[in-house]
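In case you want the letters, here they are:
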Amino acid sequence: MANTMKNPDHRDAITVLARMGYASRGIVYVLVGGLAALAVFGQGGQTEGSRGALERVLVAPFGKVLLGIIAIGLIGYSIWRTIQAVKDADHHGTDVKGIAIRAGLLVSAITHILLAFFAASLIFQFGGSSGGSGGDSQSMIGWLMQQPFGRWLVGGVGLAMIGAGIAHAVKGYKAKFHKHFAMPAHTQKWAYPVCRFGLVIRGVVFVILGCLFLIAAYHFNPDQAGGTGEVFSTLRNQVYGQWLLAIVAIGLFAFGLYSLLAAVYRRINPKM
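Parameters at a glance
Residues numbered from 1 in each chain as written. Predicted model: local features only at pLDDT ≥ 70, side-chain atom pairs only at ≥ 80, totals over all residues. Heavy atoms only, no water. Salt bridge = Lys/Arg side-chain N within 4 Å of Asp/Glu carboxyl O. Helix = DSSP H or I, 4+ residues; strand = E, 2+ residues; numbered from the N terminus. Buried < 20%, exposed > 50% of the residue type's maximum accessible area, 1.4 Å probe, protein only. Arc of directions from axis to C-beta. Contact = heavy atoms within 4.5 Å. Core = buried A, V, L, I, M, F, W, Y, C linked by side-chain atoms within 4.5 Å. Axes fitted to C-alpha atoms, helices over the stretch in contact; angles between N-to-C directions. Parallel < 35°, antiparallel > 145°, perpendicular 65-115°, else oblique. Nonpolar A, V, L, I, M, F, W, Y, C, P; charged D, E, K, R; others polar. pLDDT = per-residue confidence, 0-100.

**A look at the pattern of salt bridges**
Here's step 1: In the structure shown here, the tally under the stated rule is two salt bridges.
Here's step 2: Asp88 is the salt-bridge partner of Arg102, the closest N and O atoms lying 3.9 Å from each other. Remark: Asp88 occurs in the loop between helix H4 (63-87) and helix H5 (96-124) and Arg102 occurs in helix H5; sequence separation between them is 14 residues.
Here's step 3: Residue Asp90 pairs with Arg266 through a salt bridge whose shortest N-O separation is 3.0 Å. Placement of Asp90 in the loop between H4 and H5 and of Arg266 in the segment after helix H10 (241-265) is noted, with a sequence separation of 176 residues between them. The two residues Asp90 and Arg266 agree in class, both being buried.

**Remarks on helix H9 (residues 228-236)**
Here's step 1: Turning to H9, its buried residues number three or more, namely Thr228, Gly229, Val231, Phe232 and Leu235. Burial along H9 is one-sided: seen end-on, the buried residues are contained in an arc of 160°.
Here's step 2: On its buried side, H9 packs onto helix H2 (10-40), helix H8 (185-219) and H10.

**Focus on the nonpolar core**
Here's step 1: Core analysis: the largest hydrophobic core is formed by 60 residues, its most contacted members being Leu54, Trp80 and Phe177.
Here's step 2: Mapped onto this core, the elements with two or more residues apiece are H2, helix H3 (50-58), H4, H5, helix H7 (150-173), H8, H9 and H10.
Here's step 3: Beyond its immediate stretch of four places on either side in the chain, Leu54 contacts Val28, Leu67, Ile70, Leu115, Phe118, Ala119 and Leu122.

**Looking at the packing of H2 against H3**
Here's step 1: Their axes nearest at 9 Å, the elements H2 and H3 cross at an angle of 95°. By the criterion of interaxial angle, the relationship of H2 to H3 is roughly perpendicular. Counting all contacts with H2, which are made through Val28, Leu31, Val32 and Leu35, the residues of H3 involved are Ser50, Ala53, Leu54, Arg56 and Val57.
Here's step 2: Across the contact of H2 with H3, the residue classes tally to seven nonpolar, one polar and one charged.

**Focus on the confidence of the model for the protein chain**
Here's step 1: Looking at the protein chain, pLDDT values average 82 and 84% of them are 70 or higher.
Here's step 2: Averaged pLDDT values over the elements of the protein chain bottom out at 46 in helix H1 (residues 2-6) and peak at 93 in H10.
Here's step 3: Below a pLDDT of 50 lies the segment residues 1-6, which in the model reaches zero contacts outside its immediate sequence neighbourhood of four places, other chains included.
Here's step 4: In this model residues 127-133 is a low-confidence stretch, pLDDT under 50, and it forms 17 contacts with partners more than four residues away in sequence or in other chains.

Below, the structure written as structure tokens:
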């Protein structure tokens, strides 16, 4: 009986936070992909990034309550990403590849905590609205460029994002997420193609983001970088831009579904 009473501990709390985090990330990307798809097919306004999607949540029924839940989930996701990076919960190791992956997990923790703070700013109406996903990225780049070797720092961030994008695409193409999932075989049949497509497209988005950071560093102009919204704008201006936007929109929606599936089926190992 004594052992049973001791079972709930900090690891259980971390597991709950991690699953809430994957679910929150999934909701954000389903909204981003869905809104972008609606815009492409003429059923909505302009294509928007993650912050634009959260702004849409605000005007929905019980929007502030939903945003609060999403914000808490994103904070939980940031905590889980930090544990993954620092404690190596997924056993990436300490070689060059492992350190690079764990550094990427820390970057993910930072970006999602910023997104959580943005959701909180909408709830409590402080800090104003960004109108998209690029404002914070441009502010961060502007700050980095003012530091010693700032241009090189921004370029390094861009290269890291390109590396993360390639890793995402490979993870999707080779279904490397399989080792972290405890999913029934009958669910895998329809879920794995969705997961693979979503991861590949998110990888492509990361590569484009990284290239925008490199361009910003080269021209010493933070306005040339940004977030997912700027990726949409870049794609829109290409040949067959609407088709490219449609593929990316569906892919980000699929990545959102992958995250929702991770909330249910991912193995969580909260080593502390």
